[in-house]
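One-letter residues, chain by chain:
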Amino acid sequence: QVQLVESGGGLVQAGGSLRLSCAASGRTFSSYTMGWFRQAPGKERELVAAMRWSGSSTYYADSVKGRFTISRDNAENTVYLQMNSLKPEDTAVYYCAADRLLGSALATMTWIRSDYRSQGTQVTVSS
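Residues numbered from 1 in each chain as written. Predicted model: local features only at pLDDT ≥ 70, side-chain atom pairs only at ≥ 80, totals over all residues. Heavy atoms only, no water.

Quick notes on the confidence of the model for the protein
Right, on to step 1. Confidence in the prediction of the protein, expressed as mean pLDDT, is 95, and 100% of residues score 70 or more.
Right, on to step 2. Per-element confidence in the protein ranges from a low mean pLDDT of 94 for strand S1 (residues 3–7) to a high of 98 for strand S2 (residues 10–13). (pLDDT = per-residue confidence, 0-100. Helix = DSSP H or I, 4+ residues; strand = E, 2+ residues; numbered from the N terminus.)

Below, the structure written as structure tokens:
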């Protein structure tokens, strides 16, 4: 059974940092694109970061560029989202997903079309 299991969410003050983890199991993800999405109350789910598992390319939404970093550990089969300089507007439920995304730009990754999706973890940034 293929699973994406998240951890690392929580409550942090503005300016602080959190690292989210997405542990993948059940198959090899070497040919997949991994993405982190978030959904704030009353807003649509948005892609914040994505990377080819090979590490050959990355994508960041403008709102997080320079503050968030996506990475992966091949040995642990885990993808990370390091979030620094957090702002109250980063408060949301964060999700990870995997999509083959063959021949398409990372920015086109969508939650609905992703092959595998996680349950989500809450990140709350207090002012």
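Back to the text.
Considering the state of the cysteines
Right, on to step 1. Tallied over the entire structure, the rule returns one disulfide.
Right, on to step 2. A sulfur-sulfur separation of 2.0 Å characterises the disulfide bridge that pairs cysteine 22 with cysteine 96. Taking the torsion about the S-S bond as the criterion, the cysteine 22 to cysteine 96 disulfide, at about 60°, is right-handed. With cysteine 22 in strand S3 (residues 18–25) and cysteine 96 in strand S9 (residues 92–99), this pair connects stretches of sequence that are 74 residues apart. Each of the two residues, cysteine 22 as well as cysteine 96, counts as buried. (Disulfide = S-S within 2.5 Å. Buried < 20%, exposed > 50% of the residue type's maximum accessible area, 1.4 Å probe, protein only.)

Comments concerning the packing of aromatic side chains
Right, on to step 1. One pass over the structure, following the stated rule, counts six aromatic pairs.
Right, on to step 2. Aromatic side chains phenylalanine 29 and tryptophan 53 sit 6.3 Å apart centroid to centroid with 35° between the ring planes, which places their arrangement in the tilted category. Residue phenylalanine 29 is found in the loop between S3 and strand S4 (33–39), and its partner tryptophan 53 is found in the loop between strand S5 (46–52) and strand S6 (58–60); the two are separated by 24 residues along the sequence. Of the two residues, phenylalanine 29 and tryptophan 53, both sit in the buried class.
Right, on to step 3. Ring geometry for tyrosine 95 versus tryptophan 111: centroids 5.0 Å apart, planes at 55°, classification tilted. Here tyrosine 95 is found in strand S9, whereas its partner tryptophan 111 is found in the loop between S9 and strand S10 (116–117), with 16 residues between them in sequence.
Right, on to step 4. Overall, the relative accessible area of 11% leaves tyrosine 95 in the buried class.
Right, on to step 5. Each residue in the set Phe29, Tyr32, Trp53 and Tyr116 is aromatic and connected to the rest through ring pairs, giving one cluster.
Right, on to step 6. Over the aromatic face of tyrosine 95 sits the side chain of arginine 45, whose NZ or CZ is 3.9 Å from the ring centroid.
Right, on to step 7. It is arginine 45 that lies over the ring of tryptophan 111; its NZ or CZ is 4.6 Å from the centre. (Phe/Tyr/Trp six-rings, centres within 6.5 Å; stacked < 30°, edge-to-face > 60°. Lys NZ or Arg CZ within 6 Å of the ring centre and 35° of its normal.)

Focus: the sheet that holds strand S8 (residues 78–83)
Paired through backbone hydrogen bonds, the strands of a sheet run either parallel or antiparallel to each other.
Right, on to step 1. The antiparallel open sheet is built from four strands, whose spatial order is S1-S3-S8-S7. Each edge of the sheet is formed by a strand with only one pairing partner; in this case those strands are S1 and strand S7 (68–73). Across this sheet, the average inter-strand angle for adjacent strands is 20°, counted without regard to direction.
Right, on to step 2. As judged from the six bridges shared by S7 and S8, these two strands associate in the antiparallel manner. Within S8, the residue paired with phenylalanine 68 across the bridge is methionine 83. (Pairing = 2+ DSSP bridges. Axes fitted to C-alpha atoms, helices over the stretch in contact; angles between N-to-C directions.)

Observations concerning the pattern of salt bridges
Right, on to step 1. Scanning the model with the defined rule gives four salt bridges in all.
Right, on to step 2. Residue arginine 38 pairs with aspartate 90 through a salt bridge whose shortest N-O separation is 2.9 Å. Of this pair, arginine 38 sits in strand S4 while aspartate 90 sits in the loop between S8 and S9; the two residues are 52 residues apart in sequence, bridging distant segments of the chain.
Right, on to step 3. With relative accessibility at 6%, the residue arginine 38 sits in the buried group.
Right, on to step 4. Between aspartate 62 and lysine 65 there is a salt bridge whose closest N-O contact spans 3.1 Å.
Right, on to step 5. Aspartate 62 sits in the exposed class, given a relative accessible area of 68%.
Right, on to step 6. Via salt bridges that share partners, Arg38, Glu46, Arg67 and Asp90 belong to a single interconnected network. (Salt bridge = Lys/Arg side-chain N within 4 Å of Asp/Glu carboxyl O.)

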